[in-house]
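This is what each chain is made of:
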Amino acid sequence: MNDFLFYSPTEFHFGRGAENAAGECCRALGARRAVICYGGGSAVRSGVLGRVEASLREAGVDYREMGGIKPNPTDDRVYEGIELARSFGADLMLAVGGGSVIDTAKAIAGGVPYDGDFWDFWEGKAVMQRALNVGVVLTIPAAGSEASGNSVITRRDGLKKISLKTPKVLRPKFALMNPELTFTLPAYQTAAGATDMIAHILERYFNNTPATLVTDALSEALIREIVDVTPRVLDAPDNYDLRACLMWSGTLAHNGICGTGVTEDWTSHFLEHEISAVYGVTHGAGLAVVSPAYQTFMATHHPARIARLAHNVWGVTPTGDDKADALSGIERMKAFLRRIGMPVTFAGLGIEHPDIPLLTRSLHAHKGNPVGNFFPLTPEDTTQIYTLML
Ligand code: NZQ
Ligand code: ZN
């Protein structure tokens, strides 16, 4: 097991009506002026935005709003938000939504106290030292951004979708999580969210670090529960307890606990970020296509870990042949993904003629050569994996 620093200081308020604590949580941080970010309208329609505003008013916290943030959020909204937050004198960014809204709020939070271009941080030209406080009212369990120090933004000029990882500075100070808010999620978004959670665990599980038994056991148990609960949520979208299980799984999948003591990988996410940057697909659905293809490649090149996953998560009986067991596990994973309505090919994502040379070129331009730790990928390997998605 590797030495590690586990830092997960977010204060979670979990349960019915959690969003009503927004004002009190802002005040506890000394905030007086908040910019509220939200998405394309679901937060307005469900009434959660109104309740959050009322809570802020009651606590004496003034606010401005920035709505209309789209999935796979782009840099233009971040520049706009930085201007708004500066002119208003904001001392806190409050995200009401999912990963796209939270990541935009985080990027604004980091950009406000910085004299240069906020994108410097994403390009690795500067290290983010300070940011406004960030609070979250979560409406979709998926990206895990409510508990991560990361923010994923797409630069429209050049279509670069880049994840900035800050160990500490961008971690939300509080996350308000009411499972009832997720009843309105379309089935596709629920399923894509669950797929993203599984991928977050697998990015950590696919490692070469010895003696990580506790972390492995945690990861396998969490994936098993997500696999069990997701179809039941889709069958009963208003079931509070099932929604609650899924919501908390999304946080545990990405708050770092499943990565303790291991050297993480993240190659599947890098492969997917290129796809969603170019084709604008839902991130979790993109991962449903990437993850089985990535594992199929690994079944040949590095099979033991994929076989372990097959045995401990997908219920494959060990045969002594790791590659065969790995492939059986991948088939079961694909069956699960189909069952919850996820695509498993480019065509299923609506991409009939993917530009694989472009995706490969962009990935290595953004992430170097080779890419990844579990089994470092050359451009030839990357092309093979993208080809497996056809
Ligand atoms: O915009 P609205 O109208 O709110 O609709 C959203 C959006 O269309 C809808 N939605 C959210 N809550 C809803 C709802 N619809 C009905 N009822 C509700 N309660 O869901 C759609 C997707 O929202 P989005 O925020 O894009 O989803 P998600 O949380 O999956 O975030 C995806 C983004 O997060 C990034 C992804 O790359 C992608 O850009 N990620 C961020 C990470 C991080 N910061 O740590 C890690 C992840 O790996 C991921 O890369
Ligand atoms: Zn993800």
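As a reminder, the structure under discussion sits directly above these lines.
Calculation rules
- Residues numbered from 1 in each chain as written.
- Chains lettered and ligands numbered in written order.
- Predicted model: local features only at pLDDT ≥ 70, side-chain atom pairs only at ≥ 80, totals over all residues.
- Heavy atoms only, no water.
- Core = buried A, V, L, I, M, F, W, Y, C linked by side-chain atoms within 4.5 Å.
- Buried < 20%, exposed > 50% of the residue type's maximum accessible area, 1.4 Å probe, protein only.
- Helix = DSSP H or I, 4+ residues; strand = E, 2+ residues; numbered from the N terminus.
- Contact = heavy atoms within 4.5 Å.
- Donors = N, O, S within 2.8 Å, 3.2 Å for Na, K, Ca; no water.
- Near = heavy atom within 4 Å.
- Polar contact = N/O pair within 3.5 Å; in protein donor to acceptor, adjacent residues only side chain to side chain.
- Areas by Shrake-Rupley, 256 points an atom, 1.4 Å probe, with all protein chains shown as cover.
- Axes fitted to C-alpha atoms, helices over the stretch in contact; angles between N-to-C directions.
- Parallel < 35°, antiparallel > 145°, perpendicular 65-115°, else oblique.
- Left-handed = near helix turned anticlockwise from the far one by under 90°.
- Nonpolar A, V, L, I, M, F, W, Y, C, P; charged D, E, K, R; others polar.
- Phe/Tyr/Trp six-rings, centres within 6.5 Å; stacked < 30°, edge-to-face > 60°.
- Lys NZ or Arg CZ within 6 Å of the ring centre and 35° of its normal.
- Salt bridge = Lys/Arg side-chain N within 4 Å of Asp/Glu carboxyl O.
- Pairing = 2+ DSSP bridges.
- Patch = residues over 30% accessible without salt bridge, like charges linked within 9 Å, V, L, I, M, F, W, Y side chains within 5 Å.

Attention now moves to the nonpolar core. One broad trend across soluble globular proteins is that nonpolar side chains are buried collectively. Residues I275 and M389 are the most contacted members of the largest nonpolar core, which totals 59 residues. At nine residues, helix α11 (residues 283–301) tops the list of elements feeding residues into this core. For M389, the contacting residues outside a window of four places in its chain are I275, V289, V290, A293, T345 and F346.

The next subject is the coordination of the zinc ion (ligand 2). Geometry sets the ideal angles at a metal, namely 109.5 degrees for four tetrahedral donors and 90 or 180 degrees for six octahedral donors. Those donors, D196 (OD), H200 (NE2), H269 (NE2) and H283 (NE2), are the protein atoms that reach the zinc ion (ligand 2), and they lie 2.0 to 2.2 Å from it. Positions of the donor residues of the zinc ion (ligand 2), expressed as sequence spacing, correspond to D-x3-H-x68-H-x13-H. One end of the pair, H200, is in helix α7 (residues 187–205); the other, H269, is in helix α10 (residues 267–279), with 69 residues separating them in the sequence. Here the two residues H200 and H269 agree in accessibility, since each one is buried.

Our next topic: the site of ligand 1. For ligand 1, the set of nearby residues contains 31 residues, the closest of which are G40, S42, G99, S100 and H200. The separation between an oxygen atom of ligand 1 and a polar side-chain atom of H200 is 2.7 Å. The side chain of H269 places a nitrogen or oxygen atom 2.8 Å from an oxygen atom of ligand 1. In the complex, 89% of the free accessible area of ligand 1, which totals 970 Å², lies under the protein chains.

Time to look at the packing of α11 against helix α15 (residues 379–388). Running from amino to carboxyl end, α11 crosses α15 at an angle of 125 degrees, the nearest separation of the two axes being 8 Å. With respect to α15, the axis of α11 lies oblique. The two elements α11 and α15 cross, and the hand of that crossing is right-handed. Two secondary-structure elements touch here, α11 through A293, Y294, T296, F297 and H301 and α15 through D381, Q384, I385 and L388. For the contact of α11 with α15, the class distribution of residues is five nonpolar, three polar and one charged.

Tallied over the full model, the rule gives 13 aromatic pairs. Here the aromatic rings of F297 and F375 are separated by 5.9 Å at their centres, their planes lie at 65 degrees, and the arrangement is edge-to-face. Pair noted here: F297 is in helix α11 and F375 is in the loop between α14 (356–367) and α15, with a separation of 78 residues, a long-range link. In this structure, R33 is placed above the aromatic ring of F88, and the distance from its NZ or CZ to the ring centre is 5.0 Å. A cation sits over an aromatic face here: R305 above Y205, 4.3 Å from the ring centre.

Bringing the pattern of salt bridges into the picture now. Under the definition given, this model contains 17 salt bridges. Ionic pairing is found between E123 and K125, a salt bridge with its closest N-O pair at 3.4 Å. Note on E123: relative accessible area 33%, which makes it partly exposed. Residue E331 is joined to K334 by a salt bridge in which the shortest nitrogen-to-oxygen separation is 3.9 Å. In this pair, E331 and K334 are both assigned in helix α13 (residues 322–339), three residues apart and thus about one turn of the helix distant. With relative accessibility at 44%, the residue E331 sits in the partly exposed group. Through salt bridges with shared partners, a single ionic network connects D75, D76, D117, R155 and R156.

Okay, the side chain of N178 next. Mapped onto the elements of the fold, N178 is located in the loop between β8 (174–177) and α7. In this structure the side chain of N178 is engaged in a polar contact, spanning 3.0 Å, whose partner is the side chain of E19. The residues touching N178, leaving out its near neighbours within four places in the chain, are G15, R16, G17, A18, E19, Y240 and M247.

As a further point, take the pairing of strand β7 (residues 160–165). Both strand β6 (residues 150–155) and β7 contribute to a ladder of six bridges, which runs antiparallel. For S151, the partnering residue across the bridge sits in β7 and is L164. Taking the residues between adjacent antiparallel strands as the criterion, β6 and β7 are bridged by four residues, where G158 takes a positive phi near 100 degrees.

So, on to a nonpolar patch on the surface. A cluster of nonpolar side chains, namely M1, F4 and F6, defines an oily patch on the protein surface of about 310 Å² accessible area. Checked against the element boundaries, F6 lands in the segment before β1 (11–14). Looking at F6, the relative accessible area reads 36%, which means it is partly exposed.

Here the focus is the sheet that holds strand β2 (residues 33–38). The strand order β1-β8-β5-β4-β2-β3 describes an open sheet built from six strands, whose pairing is parallel. Of all strands in the sheet, those bounded by a partner on one side alone are β1 and β3 (62–66). The average angle at which neighbouring strand axes cross in this sheet is 20 degrees, direction not considered. Looking at chain direction, strand β5 (residues 133–138) and β8 are connected through four bridges and run parallel. From the neighbouring strand, V137 faces β8, where its bridge partner is L176.

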